[in-house]
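Given next are the chains, with one letter for each unit.
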Amino acid sequence: MKKLALITGSKGGIGSAISSRLVENDYRLIATYYTGNYECAKEWFESKGFTDDQVRLFELDVTNTNECQKKLEEIQEEEGTFDLVVNNAGITRDGQFKKMSAEAWFDVINTNLNSVFNVTQPLFAAMCEKGGGRVINISSVNGQKGQFGQANYSAAKAGMIGFTKALAAEGARSGVTVNVIAPGYTGTPMVEAMREDVLDSIKSTIPLKRLAKPEEIAAAVAYLASDEAAYITGETLSVNGGLYMA
Ligand code: CAA
């Protein structure tokens, strides 16, 4: 039987590469997409050549606690207990803190950090009860080192790391591992949306002198989800070209 995985932000730059990799590794994937984006999600599903057996598109507002609780309980009843949960959904609202609106702060904290509670909480107990599973949280190098213009994003991404360590301690007795991947600057629409001069100057500081490929982040997810990684928990795996060495 296929293992069951859920990913949030499934059709984004990194999310899409992770989704493909999980399907390649024979998971059945519940791929969440944001409310109202069905057409776009369906287009993505078709462009990837997925089948209904491989991927189920699942509308979910990851910022809505009650909706997540209700819908994720329902999907567990229909599909079974999850083997893997990948918290990947994330947004940026960059700007210097002195000019940052409350909206830019709360949007990012809600989408990038509170979503991790909303999505993991309804699924975690069943994973523990089953006696095994993996939670993988996609953080960022900027949650490790802090980034000018990203007080909101860095706070949320750092929060994911603390959450991971705490949950790893709780999951261990049940064989559920919880880890973080901290990607560096990756070739995705999110990074491509940056001002060219700012991105160029950041690129010049990356020891490997290039952006990460989304597939390189997906490979790290595949590894942490694999049997070989069974003894790794509470860990932050940096995939950043040497930009920050923790
Ligand atoms: N450290 C110190 N000072 C800095 C700085 C830094 N890293 N970056 C900029 N400054 C300085 C500038 O030199 C400038 O100084 P002067 O006024 O003396 O010229 C001043 O701060 C203002 O800088 P900007 O012109 O850049 O300010 P702005 O208000 O026009 O733009 C910003 C602000 C939009 C946040 C812009 O700085 C920016 O885009 N920064 C990069 C943010 C970033 O890295 N985002 C990552 C998005 S991708 C992602 O998040 C994925 C991931 O996980 C990696």
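From a predicted model like this one, the values you see are computed outputs, not experimental measurements. (Residues numbered from 1 in each chain as written. Predicted model: local features only at pLDDT ≥ 70, side-chain atom pairs only at ≥ 80, totals over all residues. Heavy atoms only, no water.)

### Quick notes on helix α1 (residues 13-24)
- Its 12 residues give α1 an end-to-end C-alpha distance of 17 Å, which sits within 8% of 16 Å, the value for a rise of 1.5 Å per residue.
- Within α1, burial applies to Ile 14, Gly 15, Ser 16, Ala 17, Ile 18, Ser 19, Leu 22 and Val 23.
- Phi turns positive one or two residues past the end of α1, at Asp 26, with a value near 75°. (Helix = DSSP H or I, 4+ residues; strand = E, 2+ residues; numbered from the N terminus. Expected span 1.5 Å × (residues − 1). Buried < 20%, exposed > 50% of the residue type's maximum accessible area, 1.4 Å probe, protein only.)

### Points about the environment of Ile 136
- When you line up the elements, Ile 136 lands in strand β5 (residues 133-138).
- If sequence neighbours within four positions are ignored, Ile 136 has contacts with Leu 84, Val 85, Val 86, Asn 87, Asn 179, Ile 181, Val 221, Leu 224 and Ala 225. (Contact = heavy atoms within 4.5 Å.)

### Details of the packing of aromatic side chains
- For the coordinates displayed, the defined rule picks out 3 aromatic pairs.
- A centroid spacing of 5.4 Å and a plane angle of 70° characterise the contact between Trp 44 and Phe 50, whose relative ring orientation is edge-to-face. Note on accessibility: Trp 44 and Phe 50 belong to one class, buried.
- Relative to Phe 50, the ring of Phe 45 lies with its centre 6.1 Å away and its plane at 70°, an arrangement referred to as edge-to-face. Across this residue pair, the class does not change: Phe 45 and Phe 50 are buried.
- Each residue in the set Trp 44, Phe 45 and Phe 50 is aromatic and connected to the rest through ring pairs, giving one cluster. (Phe/Tyr/Trp six-rings, centres within 6.5 Å; stacked < 30°, edge-to-face > 60°.)

### Observations concerning the site of the ligand
- Around the ligand sit 20 residues in total, of which Asp 94, Ser 140, Gln 150, Tyr 153 and Tyr 185 are the nearest.
- Lys 99 places a polar side-chain atom, nitrogen or oxygen, 3.3 Å from an oxygen atom of the ligand.
- In this structure, Tyr 185 approaches the ligand through a side-chain N or O atom, which is 2.7 Å from an oxygen atom.
- When the ligand sits alone it has 1100 Å² of accessible area, and the protein chains cover 57% of it.
- Among the secondary structure elements, those contributing two or more residues to the shell around the ligand are α7 (189-192) and α8 (196-203).
- Within the shell around the ligand, the residues separate by chemical class into 8 nonpolar, 9 polar and 3 charged. (Near = heavy atom within 4 Å. Polar contact = N/O pair within 3.5 Å; in protein donor to acceptor, adjacent residues only side chain to side chain. Areas by Shrake-Rupley, 256 points an atom, 1.4 Å probe, with all protein chains shown as cover. Nonpolar A, V, L, I, M, F, W, Y, C, P; charged D, E, K, R; others polar.)

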